[in-house]
2 protein chains.
Amino acid sequence: MWAIIGTWHFSLQAIEAFAPRLAAGDGAMDTAVAAARMIEDDERVDSVGRGGIPNAQGECELDAAVMEGRALRIGAVAGFCHCPNPILAARALVDHAEYNLLCGVGADAFARSLGLPQQPILTEAALARWQQLRQQRQDKGHDTVCFLALSADARMAVAVTTSGMSLKLPGRVGDSPLVGSGFYADDEVGAAAATGLGEDIMKGVVSFRAVEAMRQGLSPRQAAEQAVRETHLRLVRGGHKPDNIAMVCLDKYGNFGAAANHREFAYAAAREGLAPALYPVEPVIDNQATALPRELQGLAGS
Amino acid sequence: MWAIIGTWHFSLQAIEAFAPRLAAGDGAMDTAVAAARMIEDDERVDSVGRGGIPNAQGECELDAAVMEGRALRIGAVAGFCHCPNPILAARALVDHAEYNLLCGVGADAFARSLGLPQQPILTEAALARWQQLRQQRQDKGHDTVCFLALSADARMAVAVTTSGMSLKLPGRVGDSPLVGSGFYADDEVGAAAATGLGEDIMKGVVSFRAVEAMRQGLSPRQAAEQAVRETHLRLVRGGHKPDNIAMVCLDKYGNFGAAANHREFAYAAAREGLAPALYPVEPVIDNQATALPRELQGLAGS
């Protein structure tokens, strides 16, 4: 069995491109990284790689991570500024093995030492959108690209890449390069990755939470729904209104699923015997609902 | 009930200083942060704050984090270079609320905007030790300072601070500022924090894992032992020899415990009715053992 699942509608093009390669025997990590790189290189996608919307000072700071599920090796970079393909630096760290996460100028120096192309990340279109958003004093959402892959040799991998929250404070790191929050993969169980407001995703450590739920026997969809729902409800109990949280899950058998606490999320997937397709996601709980969630109505005032 | 637990023998001085304040009604977060700051300011401790051993280029890069267990608010900084008290910047981020984690120059800029004192971190003693370690081509261990506190008003908090792996590649970030790996706190259950090789701790997301185990009913000691043991054994199954992993846990009732996969770890603790004391920790599994762990002997070759 092979399978691949990616966040948001724009991952469909990469799944169409790389599903045949998985079917032909390509490895999970190579495929997840190649798919993520394809979206990084697509300037039309303004939340990742080249074309990503910059931070408050007009500088692009990219975050990315890769994890493989056999030995749980991790590679991640944060605050990556001089190369539009942070996923390639993250992949190199997995192979490098000694370090899991590099940030800031150290991450950029590592990329230079690898000979990764140092190219401008900012495009004219992203700069124009940045100016517009800045005038409106709003950010544009948090559409992290995540791919989970299972290859025919029963190996699993996850690749995530993002330009982070638009107009963010320089140095801000979200969930994407943080293991357990933005991503997790374990060949013995499955893999998960998240997209949404990183600050809220981190509070629930949602990716590890979902993989542990699959370990307990839940299906990928049930695990994603439980992780999103538990995190959402816990934040409500703590007096915090949750922002957008969405996630995708894939188990070691090739079953996949997703969950979100809002109405915008969709994902793309393909697996052996199932052609690439886009799947909308109905919210498991709605962060725009004005009434207290049913589960909490008995707790009012507690 | 109030309680406080800290990693390593050097946390005892801070627990002796701040346990009376918890008894007098100080809050969990204020206490955990004050205790961590006291160790940051102690130049004799060469793994944290002023006096910490620098990276491969001779520059100190500090990491720290704070989490509070009511609304799961997080503040963390990584690659913090110009102020010996990263825990104060982390604490300010908790109150700031919009961002959880800042890295590199952005973190330093945030510290300056707070008016935190910009002082040299490197001491002559740390520089001498760095030169010695560099000649010997070895690092010196990973003695992260972690405090978990429970205050009389049933609030919990965790504070962690470290100078990270000595001689590390510039930009390297370990588990300490990463939620779920280096720390986690939830007033509904308990809190946990880790010390050891960050790269291995991150693979097991050990702090969140331990808090979830307490949620399932395990005691703090059982939860710590399960988290260390599961992570250690999973790494062995993946073909990786685990480095040092140790952790402390505290539940919402004031019970505490710890676990390690090596013989060096000790912690200090105090709680209502129990004077500050140092506790050695017997390894739950030994990463220096040459034989395959008993649990894996049947799996050889799998």
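Residues numbered from 1 in each chain as written. Chains lettered and ligands numbered in written order. Predicted model: local features only at pLDDT ≥ 70, side-chain atom pairs only at ≥ 80, totals over all residues.

Focus: the sheet that holds strand β3 (residues 74-80) of chain B
Part 1 of the reasoning: If you walk across this open sheet you meet the 9 strands as β7(A)-β4(B)-β3(B)-β2(B)-β6(B)-β5(B)-β1(B)-β12(B)-β13(B), and the pairing is mixed. One side of each edge strand has no neighbouring strand; the edge strands of this open sheet are β7 (172-173) of chain A together with β13 (274-280) of chain B.
Part 2 of the reasoning: Relative to strand β5 (residues 145-150) of chain B, strand β1 (residues 3-7) of chain B is paired through 4 bridges, and the arrangement is antiparallel. What sits directly across from Ala-3 of chain B, in β5 of chain B, is Leu-150 of chain B.
Part 3 of the reasoning: Of the strands in this sheet, β1, β2 (62-68), β5 and β6 (156-162) of chain B touch helix α2 (residues 28-40) of chain B, which is tilted by about 15° from β6 of chain B. (Pairing = 2+ DSSP bridges. Helix = DSSP H or I, 4+ residues; strand = E, 2+ residues; numbered from the N terminus. Contact = placed C-beta atoms within 7 Å. Axes fitted to C-alpha atoms, helices over the stretch in contact; angles between N-to-C directions.)

So, the environment of Asp-286 of chain A
All names here are of chain A.
Part 1 of the reasoning: Relative to the helices and strands, Asp-286 is located in the loop between β13 (274-280) and α9 (294-297).
Part 2 of the reasoning: The exposure class assigned to Asp-286 is partly exposed, which follows from the 15 C-beta atoms found within 10 Å.
Part 3 of the reasoning: Separated by 24 residues in the primary sequence, Asp-286 and His-262 have C-alpha atoms spaced 5.3 Å apart.
Part 4 of the reasoning: Not counting the four nearest positions on each side in its chain, Asp-286 is found in contact with Asn-261 and His-262. (Buried ≥ 20, exposed ≤ 12 C-beta atoms within 10 Å, placed from the backbone.)

Quick look at the pairing of strand β10 (residues 245-251) of chain A
Residue and element names in this part refer to chain A.
Part 1 of the reasoning: A large share of β10 lies buried, amounting to 7 of its 7 residues.
Part 2 of the reasoning: Across the two faces of β10 the burial is the same, with Ile-245, Met-247, Cys-249 and Asp-251 and Ala-246, Val-248 and Leu-250 all buried.
Part 3 of the reasoning: With 7 bridges connecting them, strand β9 (residues 190-196) and β10 associate as antiparallel partners. Counterpart to Thr-195 in the pairing with β10 is Ala-246.
Part 4 of the reasoning: The sheet contact formed by β10 and strand β11 (residues 256-260) spans 5 bridges and is antiparallel.

A closer look at the interface of chain B and chain A
Part 1 of the reasoning: Taken together, the contacts link 37 residues of chain B with 37 residues of chain A.
Part 2 of the reasoning: Listing elements by their share of the side of chain B that touches chain A, those giving two or more residues are β3, β4 (101-103), α4 (104-114), β7 (172-173), α6 (198-204), α7 (206-215) and α8 (220-237) of chain B.
Part 3 of the reasoning: Among the elements that make up the side of chain B that touches chain A, the one with the highest residue count is α4 of chain B (6 residues).
Part 4 of the reasoning: Tallied by class, residues from the side of chain B that touches chain A come to 21 nonpolar, 10 polar and 6 charged.
Part 5 of the reasoning: Note that strand β4 (residues 101-103) of chain A and β7 of chain B share 2 bridges and pair antiparallel. The residue of β7 of chain B that forms the bridge with Leu-102 of chain A is Arg-172 of chain B. (Nonpolar A, V, L, I, M, F, W, Y, C, P; charged D, E, K, R; others polar.)

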